[in-house]
Amino acid sequence: MSDPLIVRALRGEPVERTPIWMMRQAGRYLPEYREVRSRHSFLEVCKRPELAAEVTLQPLRRFAFDAAILFSDILIPVEAMGAPVEFGDGGPHFRSPIRSREQVNALRVPEPAESMPFVAEAVRTLVRELPAGIPLLGFAGAPFTLLTYLVEGGGSKDFAETKRFLTHEPEAATTLLDKLARTVAKSLEAQIRAGCCAVQLFDTWASVLSPADYERYALPYARAVFTHLAALRVPRLYYVNGIAGILERAAETGADALSVDWRIGLADVRARAPRLAVQGNLDPHWLLAPEPVLRERVRDVLHSNGGRLGHVFNLGHGIFPSAPVEAVQWMVDEVRRFEPRR
Ligand code: CP3
């Protein structure tokens, strides 16, 4: 059997049409997701394979996406390292942010089969239950982005604690990044061995670093993760929100494809990273626009790829909970209708 459409696109092979999936495609914009969440906490959904599989499948029942993405969170492996996380209305929260060498030393590099067996079990369930030809994507947070959550104790606007930690505790920071890289590499390897056909590494906040600091604190650790996965021969995607200032460097992580936000045009991405496939990059705000505007913006993205091989359509960041469900249908419809000219 030939490889799934999205895998061929990520390898830059000829495809009959542009594949599409959507970051956060299972989530609060869907009433059926909110219904599950009214009965179970977020962490419960992540940790019970039958619930994780159910919400992963929900968007596929409505929309003709070309891939499913495992329902989980980038902070699940971090919790398995020994840093308990809570998810409230304000997003993730660590009760004891990691800010000292002693705390870093106390964190372990967990074996996925022992400390997160529910992840591989959800993957195996999904591989059985997904419609034929629809592959499952795995994912993890990149070491630098995970460090920001651990050190800040949650989300942040200015990343002040992160930058304090990097400068005041440089050795602890390096040790932490190294432990995170090994944890993430093992987690992604386990997801691939359980049946994921491609993986995305989320380095959402790497763009808060200067290019020189990106080369110190983010690039080497993302590269270590991708190097670990090279022999498994599945496409590896790398996402940074606000990638424009570090794009050539991001291309040096060893990723097969860059997943890009909307602040850069796809023609620029192609010119600056000519050997990589590209994923993106509709501004998620346009899902809240009137239908004709949304359809036009979707076509703009498709045209901006200029007919090159190796494009996967996606948003430039996750869908908002306030996005109307119909808008997703209009977006999928417009991508399906598009005929690449070459
Ligand atoms: O894309 C998918 O549909 C797969 C599932 C997925 C989730 N989180 C589920 C989730 C993925 C790939 C993620 C990645 C993730 N998680 C990232 C990187 C991508 C990005 O958005 O930049 C980050 C930074 C996190 C950490 C995280 N988890 C935050 C900041 C939040 C709170 C913000 C929010 O949307 O509520 C979460 C919670 C979270 N992760 C939810 C979902 C569906 C919402 C939880 C709920 O149901 O209440």
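Everything numeric in this text was worked out from a predicted model, so none of it was measured.

Draft legend 1. Spotlight on the overall build of the chain. When you go through the chain residue by residue, the secondary structure sums to 17 helices and nine strands. For 342 residues, the compact-globule estimate of 2.2 N^0.38 gives 20 Å, and the chain sits close to it at 19 Å. For the chain, the spread of C-alpha atoms along the three principal axes comes to 55 × 45 × 40 Å. Looking at the chain as a whole, 57% of its 342 residues are labelled buried. Carbon and sulfur atoms make up 50% of the accessible area of the chain, which amounts to about 14,200 Å² in all. Taking the 42 positively charged and 41 negatively charged side chains of the chain as two groups, their mean positions are separated by 2 Å.

Draft legend 2. The nonpolar core, seen in detail. Counting 131 residues, the largest nonpolar core has L176, L201, Y238, L258 and M331 as its most contacted members. Looking at this core element by element, the count peaks at 10 residues for helix α11 (residues 170–194).

Draft legend 3. Focus on the site of the ligand. Residues in close proximity to the ligand total 22 residues, the closest being R24, R28, Y33, D73 and H317. A distance of 2.5 Å is found between an oxygen atom of the ligand and a side-chain nitrogen or oxygen belonging to Y33. In isolation the ligand offers 860 Å² of accessible surface; the protein chains occlude 87% of this area. Secondary structure elements with two or more residues in the shell around the ligand: α2 (31–39) and β3 (91–94).

Draft legend 4. Broad picture of helix α16 (residues 291–304). Compared with an ideal rise of 1.5 Å per residue, which puts 14 residues at 20 Å, α16 spans 20 Å between its outermost C-alpha atoms and is within 8% of the ideal. Taken together, the buried positions of α16 are occupied by L294, R295, V298, V301 and L302. Down the axis of α16, the sector holding all buried residues measures 120°, keeping them to one side. For α16, the elements touching its buried residues are α15 (266–272), β8 (277–282), β9 (311–315) and α17 (325–337). One or two steps after α16, the chain reaches G306, where phi turns positive at roughly 65°.

Draft legend 5. Up close: the side chain of S259. Inspection of the secondary structure puts S259 in strand β7 (residues 257–260). Here S259 falls in the buried class, since its relative accessible area comes to 0%. Reaching out from S259, the side chain makes a polar contact with the side chain of Q279 at a distance of 2.9 Å. When neighbours within four sequence positions are excluded, S259 is seen to be in contact with M23, Q200, Y238, Y239, V240 and Q279.

Draft legend 6. Structural context of unusual backbone geometry. In this chain, G280 is followed by N281 through a cis amide linkage whose omega measures -5°. With respect to the element layout, N281 can be found in strand β8. With phi around 55°, F159 is a residue other than glycine that occupies positive phi space. The topology assignment puts F159 in the loop between α9 (143–152) and α10 (160–168).

Draft legend 7. Just the packing of aromatic side chains, in detail. Under the definition given, this model contains eight aromatic pairs. Plain terms: the ring middles of F159 and W205 are 5.7 Å apart, the flat faces sit at 45° to each other, and that makes the pair tilted. Of this pair, F159 sits in the loop between α9 and α10 while W205 sits in the loop between β5 (198–202) and α12 (211–217), and the two are 46 residues apart along the sequence. Overall, the relative accessible area of 23% leaves W205 in the partly exposed class. In textbook terms, an aromatic cluster arises when at least three aromatic residues are bridged by ring pairs, as seen for Y33, F42, F71 and F87.

Draft legend 8. Seen up close, the packing of α2 against helix α4 (residues 49–62). Close contact between α2 and α4 brings their axes to 9 Å; oriented N to C, the two are set at 160°. In terms of orientation, α2 lies roughly antiparallel with respect to α4. Pair α2 / α4 crosses with right-handed handedness. Taking contact as the criterion, the partners of P31, E32, Y33 and V36 in α2 are, on α4, V55, Q58 and R62. Classifying every residue of the contact of α2 with α4 gives four nonpolar, one polar and two charged.

Draft legend 9. Quick look at the pairing of β3. Sheet topology note: the strand β2 (residues 85–88)/β3 ladder contains four bridges and is antiparallel. Pairing of G88 across the sheet is with G91, part of β3. Counted along the chain from β2 to the antiparallel partner β3, the turn is two residues long.

Draft legend 10. A look at the state of the cysteines. One pass over the structure, following the stated rule, counts zero disulfides. Here C46 stays free of any disulfide, with the sulfur of C196 as its closest cysteine sulfur at 14 Å. By relative accessible area, C46 is classed as buried at 3%. In this model C196 remains outside any disulfide bridge; the closest cysteine sulfur is found in C197, 7.5 Å from its own. Judged by relative accessible area, C196 falls into the buried class, the value being 3%.

The rules behind each value
Residues numbered from 1 in each chain as written. Predicted model: local features only at pLDDT ≥ 70, side-chain atom pairs only at ≥ 80, totals over all residues. Heavy atoms only, no water. Helix = DSSP H or I, 4+ residues; strand = E, 2+ residues; numbered from the N terminus. Rg over C-alpha atoms; globule rule 2.2 N^0.38 Å. Buried < 20%, exposed > 50% of the residue type's maximum accessible area, 1.4 Å probe, protein only. Areas by Shrake-Rupley, 256 points an atom, 1.4 Å probe, with all protein chains shown as cover. Lys, Arg positive; Asp, Glu negative; His and termini not counted. Charge placed at Lys NZ, Arg CZ, Asp CG, Glu CD. Core = buried A, V, L, I, M, F, W, Y, C linked by side-chain atoms within 4.5 Å. Near = heavy atom within 4 Å. Polar contact = N/O pair within 3.5 Å; in protein donor to acceptor, adjacent residues only side chain to side chain. Expected span 1.5 Å × (residues − 1). Arc of directions from axis to C-beta. Contact = heavy atoms within 4.5 Å. Phe/Tyr/Trp six-rings, centres within 6.5 Å; stacked < 30°, edge-to-face > 60°. Axes fitted to C-alpha atoms, helices over the stretch in contact; angles between N-to-C directions. Parallel < 35°, antiparallel > 145°, perpendicular 65-115°, else oblique. Left-handed = near helix turned anticlockwise from the far one by under 90°. Nonpolar A, V, L, I, M, F, W, Y, C, P; charged D, E, K, R; others polar. Pairing = 2+ DSSP bridges. Disulfide = S-S within 2.5 Å.

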